[in-house]
Amino acid sequence: MIPLAFHPLRHDGARLAYPEIVPGELVATLAPLGESPVLAAPVGRLLAAVARTKDRALDADQRHAAHDAARATVAHLRKAARQVSRAVREAR
């Protein structure tokens, strides 16, 4: 589940799961990191990118670009998760 602090402002308040594009192992890595501020921006970009992939007003090239952006955002989220995870381990 995506921490409530990262939900989009216009969201209805229901709990959000990470989109299918986020691999299970990454979700498992993110879960214990909670609401780390370092993750807020990548999660926001991920939700926006995934929403864009579902925009039916886009043509095929635009949808393809949106999927590329979503995949790139997952890579950025993975990197941010590693940084936060490393910082948490070092703090112990």
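The following paragraphs examine the structure supplied in this document. (Residues numbered from 1 in each chain as written. Predicted model: local features only at pLDDT ≥ 70, side-chain atom pairs only at ≥ 80, totals over all residues. Heavy atoms only, no water.)

Here's the deal with the pattern of salt bridges
Considering all chains together, one arrives at 2 salt bridges under this definition. Put simply, glutamate 25 and arginine 78 hold a salt bridge, and the shortest N to O gap is 2.6 Å. Here the residue glutamate 25 occupies a position in helix H1 (residues 24–30), and arginine 78 occupies one in helix H3 (residues 60–91), the gap between them amounting to 53 residues. Look at arginine 78 and you get partly exposed, because its relative accessible area is 24%. Across the pair aspartate 68 and arginine 71 runs a salt bridge, and its minimum N-O distance is 2.4 Å. Here the residue aspartate 68 and the residue arginine 71 both occupy positions in helix H3, the gap between them amounting to 3 residues, near one helical turn. Since its relative accessible area comes to 43%, arginine 71 is described here as partly exposed. (Salt bridge = Lys/Arg side-chain N within 4 Å of Asp/Glu carboxyl O. Helix = DSSP H or I, 4+ residues; strand = E, 2+ residues; numbered from the N terminus. Buried < 20%, exposed > 50% of the residue type's maximum accessible area, 1.4 Å probe, protein only.)

Concerning the environment of proline 42
By the element assignment, proline 42 lies in helix H2 (residues 37–53). In this structure, the C-alpha to C-alpha distance between proline 42 and alanine 80, residues 38 residues apart in sequence, is 7.6 Å. Proline 42 has contacts with Thr73, Leu77 and Ala80, leaving out every residue within four places of it along the chain. (Contact = heavy atoms within 4.5 Å.)

Some words on H2
Each turn of an α-helix holds 3.6 residues, which means side chains three or four residues apart point in the same direction. Taking 1.5 Å of rise per residue, the 17 residues of H2 would be expected to cover 24 Å, and the 25 Å separating its terminal C-alpha atoms lies within 8% of that figure. All buried positions along H2 are accounted for by Leu39, Pro42, Val43, Leu46, Leu47, Ala49, Val50 and Thr53. Along the long axis of H2, the arc covered by the buried residues comes to 165°, so they all point the same way. For H2, the secondary structure elements touched by its buried residues are H1 and H3. (Expected span 1.5 Å × (residues − 1). Arc of directions from axis to C-beta.)

What about H3?
Between its terminal C-alpha atoms H3 stretches 46 Å, which fits the 46 Å expected from 32 residues at 1.5 Å a residue. Those residues of H3 that sit buried are Ala66, Ala70, Thr73, Val74, Leu77, Ala80, Ala81, Val84 and Ser85. Residues of H3 that are buried sit in contact with H1 and H2. The N-capping residue of H3, defined by a side-chain oxygen 3.1 Å from the backbone nitrogen of aspartate 61, is aspartate 59. (Polar contact = N/O pair within 3.5 Å; in protein donor to acceptor, adjacent residues only side chain to side chain.)

Remarks on a positive patch on the surface
Together, Lys79, Arg82, Arg86 and Arg89 make up a region of like positive charge exposed at the surface. With respect to the helices and strands, the residue arginine 89 is situated in helix H3. (Patch = residues over 30% accessible without salt bridge, like charges linked within 9 Å, V, L, I, M, F, W, Y side chains within 5 Å. Areas by Shrake-Rupley, 256 points an atom, 1.4 Å probe, with all protein chains shown as cover. Lys, Arg positive; Asp, Glu negative; His and termini not counted. Charge placed at Lys NZ, Arg CZ, Asp CG, Glu CD.)

A look at the nonpolar core
Of all hydrophobic cores here, the largest spans 20 residues; its most connected members are Tyr18, Leu39 and Leu77. For this core, the secondary structure elements donating two or more residues are H1, H2 and H3. For tyrosine 18, the residues in contact, after removing those within four places along its chain, are Met1, Ile2, Pro3, Val27, Leu30, Val43, Leu46 and Leu77. (Core = buried A, V, L, I, M, F, W, Y, C linked by side-chain atoms within 4.5 Å.)

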